[in-house]
Amino acid sequence: MTDPMKAKLLSVRDIRGYKIVNKKNVFGEFLLNNRILCLIALLFFTLLGASGGQFLYFDNDYRAFFGKENPQLNAFEKLQQTYTQVDNVNFAFEPLEGLKANAPEVLAAVEELTEMGWQLPYSIRVDSLSNHQHTEVDQDDLIVRDLYFDALNMEEEDKKLVEKISTSEPSLAGRVHDTAHRSTSVSVTVQMPGKDPQELVDIATAAREMVSNIEEKYPVRIRTGGVVFLNNAFLEASMADSATLIPMAFLVILLISYVLLRSVVGVLNVFIVCILSILFAMGCGGWMGVGLTPPSASAPIIIVTLAVADSIHLLVSALNRMRDGHTQRSSILYSMRVNFKPVFLTSVTTAVGFLSLNFSDSPPFHDLGNISAVGVMAAWLYSITLLPILVSFLPLGKPKNTIKTLDAIMNRLGTFIADHHKAVLAIGVVSSIGIVSLIPLNEVNDDFVKYFDESTEYRQDVDWISDNLTGVNIVQFSFPSGEPNGVSEPAFLEKVSRFTDWARAENEVTNVLAISDIFKRLNRDLNLGNKDFYTIPENRELAAQYLLLYELSLPFGLDLNNQLDISKSSTQVVVTLKDMTTNEMQAWIKTAENFILDDAKIELKAVGPTVMFAYISERNIESMLTGTIVAIFIISGLILIALRDVRLGLISLIPNLLPIALAFGIWGVLVGQVNLAVSVVTGLALGIVVDDSVHFLSKYQLARKELGLNAREAVISAFTAVGTALVVTTIILVAGFSVLAQSTFGLNSITATLTGIAISIALIADLSLLPALLIRLDKNNKDLAPNETDAELGSSVQSNVAT
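Only a predicted model underlies this, so the values are computations on that prediction, with no experimental measurement involved. (Residues numbered from 1 in each chain as written. Predicted model: local features only at pLDDT ≥ 70, side-chain atom pairs only at ≥ 80, totals over all residues. Heavy atoms only, no water.)

Time to look at the nonpolar core. Core analysis: the biggest nonpolar cluster contains 196 residues, and Phe91, Phe93 and Phe696 have the highest contact counts within it. Setting aside anything within four residues of it in sequence, one finds Phe696 in contact with Val715, Ala718, Phe719, Val722, Leu726, Asp766, Leu767, Leu770, Pro771 and Leu774. In terms of nonpolar packing, the next biggest core, distinct from the first, is built from 43 residues, Leu564, Val573, Ala600 and Val611 among them. (Core = buried A, V, L, I, M, F, W, Y, C linked by side-chain atoms within 4.5 Å. Buried < 20%, exposed > 50% of the residue type's maximum accessible area, 1.4 Å probe, protein only. Contact = heavy atoms within 4.5 Å.)

Written out as structure tokens, the structure is:
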């Protein structure tokens, strides 16, 4: 056996022919002898789990991405209770036929949609150029009125007034109306009860009907944005993935399975296992009270991918056995015995990786991890019980030579790697160092708009709005005066005014909405329109009178509750910013907070959805660091227990951890931007990539202990026995994640792409770097004598498709 030529000719049959094959499979015999009873039990088990599916629902609130302890979320919800909510539908007008946004036809469309906006479900406020509360003085009377009405019949003087106010009024320019007249908007604020996800669907549906009606009557195209359509985009992304990607995943993966198995019955059995695994896992998600978001809605694709891999292991092992002349029943029993524990081990390590997502600060990834973990273990159970029963009823057909041909190729590859292990090791180390050094090229960017692919309507509309009207990043600051009615104090208003002026001077800012502007406008208008009086009123009593007079003149629904709290002890300043990266946003927020602290001596924190997303990756990376470390320890411990060899266990850490690092290095060159997905990929991918090394090491260890081979010969034997398995399962896994990468939701696509890259690299590492390390580090060990106990261990860790 020490002759290298003999090592080259080692085949799976040599290992299969060892005395461990003749052991009786008690579990398998019981299962097949009582298959009807077992089928009934499995049916009951499946129905029990799947029945929870009735409790699943789509969670279409973007706040679902933030944990209950998230400080930015808590600050935002507190602000929502103080001022009018910012949940809104923003209708942005794109003038057609060469018109501008101040053309009478466009203004008429704005006027009509403003009136229609009050009919939108749950609407509490409508803001537009049409109903902007313009102030002017007629002798001693303060007149507060809509800026214009009957746009198609406006006098020339009224048109000039609209032109002037729309481009100069701070509350309008760069927020409601573009100063270059490229667009104008109607914003409808809604207050949903929050009892039923259908509330949001009703609003979005009604809004689209209004858009259709206006577009039919006027030469405009209306773009929709705002918080409502952000939430609706999350919902539509979840539903689109479920409707298109899941069927696509089934088609691609089952097609690959057929190419390998060449058995229609075999593929049908795999399909049944996949379906039941998904039903059980999603049902358990319902029992857990999961609300489906785009990440958790992608769980079926991950489950079907891993379920196929388990089933392929058992079917190909049985087909190979049948090709050697054994009966279908004995081949099934053999496959069950040699695959039971190893597939269980790889399923458990994969589940541990998924469960580590519970350390994430983002609940949707808890749901993804939990559902996928349940699905992985369900797939193992169905593969080891239901699949053999189904195969026992129907013949698999005559085995084809596909696997045999692939085994021969892997034998030659193994010989090549063994003969050139030094060069392979050197190239692997140098290239790994080079690629890992590229990781810093990645920049975290959690722009929530870019979570959605450019093909989605929401992304297209919001990008257009950002380019032609106003920014989509909203940052809110709540200035406390420290006493009831304190907002009328001139000193306090000066602080607000100074911050407002500073913010407007920033290049990133498109608009600042502040109460100080209203006080200045009232002071000017009540002093006969003298521009010299466009300042904060000189005393508190005068400011309070101005505010009271103005509020009494405002129509229903257009009060100042969006800027003042009930006791008038604090005011909200809303800053709208251009598109920025996460790092740029964090830097601007820090600068703004420092300005307020230095100038007003008030320690304020920026609040709002933009702020929440700006810090979500940072928080998740911190929390997932702990989760990944815990997962590494648990998975490494499981591998050590299975292999019962500390040296092999330590060697396995290199091909297990390196692929994920290399994936991020490659991503830094290809893309360079990562979002929330970066914080969960490590835990998710870790449990999957270890499978290859476990399979290879188990075969290597089996050859060393059972056949007494040296390190080089054992590596070649492992290539022959498991190489085909690793290649096929990797193709299946990468195919599944490639389908998920087609998602229009950025978190899903980046997670899938990075995981797919990591899995591909893991295959390369396990078929090059790992064998080279084994030959290099294990070559001086004396040949191990065959041992009965070790034989049992070796048989328990075989889970490759070529066994």
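A few words on the pairing of strand β11 (residues 509–513). A large share of β11 lies buried, amounting to 4 of its 5 residues. The pairing of β11 with strand β12 (residues 570–577) spans 4 bridges and is classified as antiparallel. Paired with Val509 across the strands is Leu577, a residue of β12. (Helix = DSSP H or I, 4+ residues; strand = E, 2+ residues; numbered from the N terminus. Pairing = 2+ DSSP bridges.)

So, about the confidence of the model for the protein. Summing up the model confidence of the protein, the mean pLDDT is 87 and the portion of residues at 70 or higher is 93%. Note on residues 780–803: pLDDT is under 50 here. Beyond four places in sequence and across chains, it has 91 contacts. (pLDDT = per-residue confidence, 0-100.)

For the rest of this paragraph, the subject is a nonpolar patch on the surface. Side chains of Ile36, Ile40, Phe393 and Leu394 sit close together on the surface and give an oily, nonpolar patch of about 390 Å² of accessible area. Mapped onto the elements, Ile40 comes out in helix α4 (residues 35–50). The class of Ile40 is exposed, set by a relative accessible area of 54%. (Patch = residues over 30% accessible without salt bridge, like charges linked within 9 Å, V, L, I, M, F, W, Y side chains within 5 Å. Areas by Shrake-Rupley, 256 points an atom, 1.4 Å probe, with all protein chains shown as cover. Salt bridge = Lys/Arg side-chain N within 4 Å of Asp/Glu carboxyl O.)

Of note, Phe280 is situated in helix α10 (residues 264–287). Accessibility expressed as a relative area gives 11% for Phe280, which makes it buried. Distance from Phe280 to Gly53, taken between C-alpha atoms, is 8.5 Å for residues 227 residues apart in sequence. Phe280 has contacts with Phe45, Thr46, Gly49, Ala50, Val374, Ala378 and Tyr382, leaving out every residue within four places of it along the chain.

Once that is clear, we can look at the sheet that holds strand β10 (residues 473–480). With respect to topology, 3 strands assemble into an open sheet ordered β10-β12-β11, the strand pairing being antiparallel. Of all strands in the sheet, those bounded by a partner on one side alone are β10 and β11. The average undirected angle you get between the axes of adjacent strands in this sheet is 20°. Direction of pairing for β10 relative to β12: antiparallel, over a ladder of 8 bridges. Paired with Asn473 across the two strands is Leu577, which belongs to β12. (Axes fitted to C-alpha atoms, helices over the stretch in contact; angles between N-to-C directions.)

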